[in-house]
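Chain and residue survey
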Amino acid sequence: MYKTRLRGILVKKREDETMDEISKDRDKENAGRDEHPEDAVNGVRVGQGGLPDGAPEGDGRTRRNGKTGFSLLLLAVLRGLAGPGLFSSLGVFFPAVAEAGGGSLGMLSLSVSLASVAGACFLPLAGRLYGRHDFRRVTLGGVLAMTAAYALYAVTPAPAWRALLSLPLGCGMVMLVNLMAPCYLRFRGADTGSSLGLLVALSGLTGAVFQPLLALTLAAWGWRVTYLVFGLGTLALMGGALLLLPSVAAPEGSLPSRVPASSDASAPDTSPASGTGTAPRGAFISLFLYQGIITGFTMFHQHFSTFAEGAGLAGRTMTVALTLSMLTSAVGAFALGLLTRRYGAGRTGVGVLFLAAASVLLFGFTGGSTGGFLIAAALHGAASGAIGVTVPAAAREVYSEGDYARSLSRIMVSSPLFTLLFMQLYGVSYDRTGNFGVSLLVLLAAIGAGAAIYSRVFGRRRECRRA
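With that settled, consider the overall build of the protein chain. A tally of helices and strands in the protein chain yields 17 helices and zero strands. A total of 467 residues make up the protein chain; the buried ones form 48% of that total. Per element, the accessible surface of the protein chain, about 21,900 Å² overall, is 63% carbon and sulfur.

Pasting the structure below:
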């Protein structure tokens, strides 16, 4: 019995000594890492942004830092000047250009529609360009195409000339508004969900500053000078922002951002966030229609000036309405990002459509008064903030990371196509009836149909993901 106890004591003593030696070895290893950060596991250097040795700047494992926030600000300036700035201001020129011999409102709307068609046709090619060539060069091409076409509108109000220039303007617009920011954020490995919500909000603020300045210049100097000043001035601002933007490129053979580097790229991603094998039937059609209807609703802001003029409202009211719409669009985009995270893209998307319906009803019944017009414009801007937030978030819920980019690019084609449809609807309706009553009724019916289809597919998506 005494021998057994002695043997047990000796064994325990040896185990304690072994554990002490292991602890000493670990302490030495940790001390060595502190002195030489480059010797950390897997070659990751401590304090160097978490990048492995030799990893490209756009590697999917890039950690968010101060540069990402600065990049978001520059991307917001680029996107804001292109979309809420230049493209959204085209309708402001319609009355002045029509008086100068530019044709009817329907003819002027046709140039915007042609820009949308050109953008829809160019969208797949633009995606390939961003995937295969240098990001800055591709983006610079879009900047030159859009700003040069905008400035050249000052040459003549002839409808044929405007139709010709609408082609490069539409191509540059879809590059800067639809593809530039998602591609950049994906190449940097940033969280595209929350980042895009913030970016859309900042873009709206850029447009809120752009529109009043343009309206004041148009009233003081006329449409020709305004086209030239803002076309060339935007080119300079965009070029400067692009030079300051940190360079990024899609690394060859990079894995999707949600697939760990050590996993098998060929294996399907079955995580709940990926949505592999859980995409509901009709998801693509639902998202395609939703994005198109929201885009068509958003394009009504192109006719704020015509609506205010037809209702006998003061010119200052139109300027205030445009500014208010831009501000509420920025606030709405940020709020929708938070609501989407809390309640899911399904419930948030349906709520946006109800908000859009309320705006349309106010335009139809109280738009003739100053207060009603301003409230309708504010609700219009808040609902328009969903155009770059809700659909990407909903697509992430149902598509795997490998299918996300391809599916989203196909969904986004609905934006220029529905812009063509609704811009023609607004223009022809006003030319034939002298008001927007018919087009607002059609828009209200489209919103109702879109809400029914979208809620059927995505209404319970949040609960399904939690289960």
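With that out of the way, let us pick up helix H13 (residues 390-398). Of all nine residues in H13, eight are buried, a share of seventy percent or more. For H13, the set of buried residues is Thr-390, Val-391, Pro-392, Ala-394, Ala-395, Arg-396, Glu-397 and Val-398.

With that settled, the discussion passes to the state of the cysteines. The final tally for this structure, using the stated rule, is zero disulfides. Between Cys-171, a cysteine without a disulfide, and Cys-121, which holds the nearest cysteine sulfur, the sulfur-to-sulfur distance is 8.4 Å.

Turning our eyes to something else, we now look at a nonpolar patch on the surface. On the surface, a cluster of nonpolar side chains totalling about 290 Å² of accessible area is made up of Phe-70, Leu-73 and Leu-244. Its relative accessible area of 44% is what places Leu-73 among the partly exposed residues.

With 16 residues, helix H9 (residues 283-298) should reach 22 Å at 1.5 Å per residue; the first-to-last C-alpha distance of 22 Å fits that figure. Counting buried residues along H9, 13 of its 16 residues qualify, which places the element largely inside the surrounding structure.

Tracing the backbone through its elements, the reader meets Thr-226 in helix H8 (residues 223-244). Judged by its relative accessible area of 0%, Thr-226 is buried. Residues contacting Thr-226, with those up to four places away along its chain left out, are Phe-93, Leu-214, Thr-217, Leu-218 and Gly-231.

A few words now on the packing of aromatic side chains. If you walk through the whole model with that rule in mind, you get 23 aromatic pairs. A centroid spacing of 3.9 Å and a plane angle of 10° characterise the contact between Phe-93 and Tyr-227, whose relative ring orientation is stacked. Placement of the pair is Phe-93 in the loop between helix H2 (66-86) and helix H3 (94-102) and Tyr-227 in helix H8, with a sequence separation of 134 residues. Among the aromatic side chains, those forming a connected cluster through ring pairs are Phe-284, Phe-288, Phe-300, Phe-304, Phe-307, Phe-363, Phe-373, Phe-418, Phe-422, Tyr-426, Tyr-430 and Phe-436. Geometry around Tyr-153 places Arg-162 over its ring, the cationic atom sitting 4.4 Å from the centre.

Before going further, it helps to examine the nonpolar core. One finds Phe-87, Tyr-150, Leu-169, Leu-287 and Ile-447 to be the most contacted residues of the largest nonpolar core, which totals 107 residues. The residues touching Leu-287, leaving out its near neighbours within four places in the chain, are Val-391, Ala-394, Ala-395, Tyr-399, Ile-411, Tyr-454 and Phe-458. By size, the runner-up hydrophobic cluster in this structure holds five residues, among which are Ala-201, Ala-330, Ala-333 and Val-389.

So, about the side chain of Thr-298. Structurally, Thr-298 is set in helix H9. Engagement of the side chain of Thr-298 in a polar contact is seen with the backbone oxygen of Ile-294, the distance being 2.7 Å.

On to the confidence of the model for the protein chain. Predicted confidence across the protein chain gives a mean pLDDT of 74, with 71% of residues reaching 70 or more. In the model, residues 251-278 has pLDDT below 50 throughout and makes 29 contacts with residues more than four positions away in sequence or in other chains. Contacts for the low-pLDDT stretch residues 462-467, under 50 throughout, to residues beyond four places or in other chains number eight contacts.

A few words on the packing of H9 against helix H16 (residues 437-458). Two elements in contact, H9 and H16, have axes separated by 9 Å at closest approach and are oriented at 150°. With respect to their mutual orientation, H9 and H16 come out roughly antiparallel. Of the two possible hands of crossing, H9 and H16 adopt the one that is left-handed. Only Leu-443, Ala-446, Ile-447, Gly-450, Ile-453, Tyr-454, Val-457 and Phe-458 of H16 make contact with H9, whose side of the interface consists of Ala-283, Ser-286, Leu-287, Leu-289, Tyr-290, Ile-293 and Phe-297. Looking at the contact of H9 with H16, its residues break down into 13 nonpolar, two polar and no charged.

Each value, and the rule that gives it
- Residues numbered from 1 in each chain as written.
- Predicted model: local features only at pLDDT ≥ 70, side-chain atom pairs only at ≥ 80, totals over all residues.
- Heavy atoms only, no water.
- Helix = DSSP H or I, 4+ residues; strand = E, 2+ residues; numbered from the N terminus.
- Buried < 20%, exposed > 50% of the residue type's maximum accessible area, 1.4 Å probe, protein only.
- Areas by Shrake-Rupley, 256 points an atom, 1.4 Å probe, with all protein chains shown as cover.
- Disulfide = S-S within 2.5 Å.
- Patch = residues over 30% accessible without salt bridge, like charges linked within 9 Å, V, L, I, M, F, W, Y side chains within 5 Å.
- Salt bridge = Lys/Arg side-chain N within 4 Å of Asp/Glu carboxyl O.
- Expected span 1.5 Å × (residues − 1).
- Contact = heavy atoms within 4.5 Å.
- Phe/Tyr/Trp six-rings, centres within 6.5 Å; stacked < 30°, edge-to-face > 60°.
- Lys NZ or Arg CZ within 6 Å of the ring centre and 35° of its normal.
- Core = buried A, V, L, I, M, F, W, Y, C linked by side-chain atoms within 4.5 Å.
- Polar contact = N/O pair within 3.5 Å; in protein donor to acceptor, adjacent residues only side chain to side chain.
- pLDDT = per-residue confidence, 0-100.
- Axes fitted to C-alpha atoms, helices over the stretch in contact; angles between N-to-C directions.
- Parallel < 35°, antiparallel > 145°, perpendicular 65-115°, else oblique.
- Left-handed = near helix turned anticlockwise from the far one by under 90°.
- Nonpolar A, V, L, I, M, F, W, Y, C, P; charged D, E, K, R; others polar.

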